[in-house]
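Read off the chains here:
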Amino acid sequence: MTVHYELPTASDFRTLAGEHYPAVTIYAAAAPTVSERERAETAVKSGFDEALDRLRADGVEPAAIHALRAERDRVLGDEDVWRSLSRSIAVFAAPGFNEVYVLPNRLDDAVHVGSHFTLGQLLRAPSQDQEAFAVTLSSNEWALWRARATARAEEMPLDPNLPKNLEEAVNRDLGEPIRKKGAGHGDRGTPEQDRRPEIQDNYAKQVADAVWQALHTEDPDGRVPLFVFAAEPLLTSFMDRAHNGRRVVAVPGGADRLNAAEIDEELRRQLAELNVREAKAALKDLADGSAGRVERDIAAIGRMAAEGGVETYWFDFTTSVNGTLDPESGAVEFATSNGGGPALADGTRAGDLLPELAMMVLSRGGKVVTVRGEDLQDTEWTGPAVAELRFALT
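The shown structure was predicted, so the numbers you read here are calculated from the model rather than taken from an experiment. (Residues numbered from 1 in each chain as written. Predicted model: local features only at pLDDT ≥ 70, side-chain atom pairs only at ≥ 80, totals over all residues. Heavy atoms only, no water.)

Undergrad: What should I look at first to understand the overall build of the protein chain in this one?
TA: Within the protein chain, the secondary structure is distributed over 13 helices and 17 strands. Here the protein chain holds 394 residues, and 48% of them are scored as buried. Within the protein chain, residue pairs in contact and separated by at least 24 positions form 70% of the contacts whose partners lie at least 6 positions apart. In the form shown here, the protein chain has an accessible surface area of approximately 18,500 Å², with 47% of it arising from carbon and sulfur atoms. Positive and negative side-chain charges in the protein chain, numbering 43 and 65 respectively, have mean positions lying 4 Å apart. (Helix = DSSP H or I, 4+ residues; strand = E, 2+ residues; numbered from the N terminus. Buried < 20%, exposed > 50% of the residue type's maximum accessible area, 1.4 Å probe, protein only. Contact = heavy atoms within 4.5 Å. Areas by Shrake-Rupley, 256 points an atom, 1.4 Å probe, with all protein chains shown as cover. Lys, Arg positive; Asp, Glu negative; His and termini not counted. Charge placed at Lys NZ, Arg CZ, Asp CG, Glu CD.)

Undergrad: I'm lost on the environment of Ala 153 in this one. Help?
TA: Along the chain, Ala 153 falls in strand S8 (residues 151–155). Of the residues examined, Ala 153 reaches a relative accessible area of 7% and is grouped as buried. Ignoring any residue separated from it by four or fewer positions in sequence, one finds Ala 153 in contact with Trp 145, Arg 146, Ala 147, Ala 260, Ile 263, Asp 264 and Leu 267.

Undergrad: Just checking my understanding: could you explain the pairing of strand S6 (residues 132–137) for this structure?
TA: Counting buried residues in S6 gives six out of six residues, a clear majority hidden from the surface. Side chains Ala 132, Ala 134 and Thr 136 project from S6 onto one buried face, and the interleaved Phe 133, Val 135 and Leu 137 project onto a second face that is buried too. Bridge analysis of S6 against strand S7 (residues 142–148) gives six bridges, and the strand direction is antiparallel. Looking at S7, one finds that Ala 134 is bridged to Trp 145. Examined bridge by bridge, S6 and strand S9 (residues 226–230) share five bridges and lie parallel to one another. The residue of S9 that forms the bridge with Ala 134 is Phe 227. (Pairing = 2+ DSSP bridges.)

Undergrad: Even after reading the chapter, I still don't get the environment of Asp 129, so can you show me in this structure?
TA: Take Asp 129: it is sitting in the loop between helix H5 (124–127) and S6. Accessibility expressed as a relative area gives 19% for Asp 129, which makes it buried. Sequence separation of Asp 129 and Ala 242 is 113 residues, and the distance between their C-alpha atoms is 20 Å. With sequence-adjacent residues up to four places away left out, Asp 129 is seen in contact with Arg 247, Leu 271, Asn 275 and Glu 278. Within the structure, Asp 129 has its side chain in polar contact with the side chain of Arg 247 (distance 2.6 Å). (Polar contact = N/O pair within 3.5 Å; in protein donor to acceptor, adjacent residues only side chain to side chain.)

Undergrad: It is not clear to me how the nonpolar core should be interpreted in this structure. Could you clarify?
TA: Most often, soluble globular proteins have nonpolar side chains that are buried together. Core analysis: the largest hydrophobic core is formed by 41 residues, its most contacted members being Phe 92, Leu 122, Tyr 313 and Phe 315. Considering each element in turn, this core owes the most residues, seven residues, to helix H13 (residues 353–363). Those residues in contact with Tyr 313 that sit more than four places away from it in its chain are Ile 301, Leu 354, Leu 357, Ala 358, Val 361, Lys 367, Val 368, Val 369, Ala 385, Val 386 and Ala 387. (Core = buried A, V, L, I, M, F, W, Y, C linked by side-chain atoms within 4.5 Å.)

Undergrad: Honestly, the sheet that holds strand S15 (residues 351–352) in this entry has me stumped. Any pointers?
TA: Backbone-to-backbone hydrogen bonds join strands into a sheet, with any given pair of strands oriented parallel or antiparallel. The three strands lie next to each other as S14-S13-S15, forming an open sheet whose pairing is antiparallel. Across the chains shown, the open sheet's two edge strands, defined by having one partner strand only, are strand S14 (332–334) and S15. Note: strand S13 (residues 322–325) against S14, three bridges, orientation antiparallel. Bridge pairing in S14 places Thr 324 opposite Glu 333.

Undergrad: Explanation requested: the pattern of salt bridges in the structure shown.
TA: One pass over the structure, following the stated rule, counts 27 salt bridges. Between Asp 73 and Arg 72 there is a salt bridge, and its shortest N-O distance comes to 3.1 Å. One salt-bridge network, in which partners are shared between bridges, spans Lys 45, Asp 49, Arg 72 and Asp 73. (Salt bridge = Lys/Arg side-chain N within 4 Å of Asp/Glu carboxyl O.)

Undergrad: Even after reading the chapter, I still don't get helix H3 (residues 62–77), so can you show me in this structure?
TA: Residues spaced three or four apart along an α-helix point in a common direction, a consequence of the helix completing one turn every 3.6 residues. Under the 1.5 Å per step criterion, the end-to-end length of H3 is 22 Å for 16 residues, consistent within 8% with the ideal 22 Å. Turning to H3, its buried residues number three or more, namely Ala 64, Ile 65, Ala 67, Leu 68, Glu 71, Arg 72 and Val 75. The buried residues of H3 occupy an angular sector of 160° when the element is viewed end-on, so they sit on one face. Turned more than 90 degrees from where H3 packs its buried face, Pro 62, Ala 63, His 66 and Gly 77 sit exposed. (Expected span 1.5 Å × (residues − 1). Arc of directions from axis to C-beta.)

Undergrad: Please explain the sheet that holds S8 as it appears in this structure.
TA: Taken in spatial order, the five strands make up an open sheet running S8-S7-S6-S9-S10, and their pairing is mixed. Each edge of the open sheet carries a strand with a single partner, namely S8 and strand S10 (248–252). Taken over all neighbouring pairs, the strand axes of this sheet differ in orientation by 20° on average, direction set aside. By the bridge criterion, three bridges tie S7 to S8 in an arrangement that is antiparallel. Residue Trp 145 lies in a different strand from S8, and its bridge partner there is Glu 155. Its contacts with the sheet place helix H8 (residues 196–218) against S6, S7, S9 and S10, and it is angled at close to 30° to S7. (Axes fitted to C-alpha atoms, helices over the stretch in contact; angles between N-to-C directions.)

Remember, this is a structural readout, not a statement about activity or role.
Shown next as structure tokens:
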């Protein structure tokens, strides 16, 4: 059994691709807490039990059932796996074959049985943003965080000369501590209090400038999005200082007392929402302005993908279309029942074409975006897949 704690690579997908009959695929949501770890373990065990029951009903040989039960026991018995969970676990098991992925993005609980592994959800991990920066900003303190694809959010070291909170920023501006209302001035307040909105604005902008400098060093291309956890008016003041083309997302609300686990949890949720928003925007742009460069026919997408003609390929990972895909020509043959059956008309076992097409697109330098059809109901999405071509069809 091989356990992966890194995002799957092209080599990993090649290992998982192709026929592995009888193949069992299990996805389960997880978390590093005791209760969620136990829930995930139960989900994986139940998934295996369901898969074995299905295979028995399909008349699979007892030797294969016994081999799969041994693979199940290896997964459930590996204490290191269950001590090191992130947000999901994916198991791909066949007789004599066992690959486990511990992943940072949350996947939907699912069990699949067939001749091929079901790879749609696994493709979500490398095809969507799994890294983020975060700023937690309040009058009491501020901090900069980074969540990586394979590591939970951690606070980043900063220049010790930077102000740590609003009071320090004010002291530097005024050369004296903030005085509470009425201190030495009756009920009229102090000049410093009269300037409070200006002081807060200056503090937020000092923080923003420090953040942009740090992010330029860490991620000069601006690839990783930034999420800003703050309440008003600091949030608006910080956002007014956003620049450099980086994706910056405001997360309104108090940022005090958020710990690393809470920040990581919210970042993963925000990343998922950002991915959906960006998919919606891209599909809208595609529908509005790419006449002649949109293809929805799966067989045509296969031919274009083989020629390297697909720029971006979106597919609904919650839907399956079974068949075979020629790795050289991209020719598609659909399974019986319009792609709903387990095999071709001649009995050849079939796999899910949608992730197979995704892997072909990636291998030819294209981009893949996984989506849930239900998340895109208010767009031009008609599923189960759509491709933007690199050149217009004539």
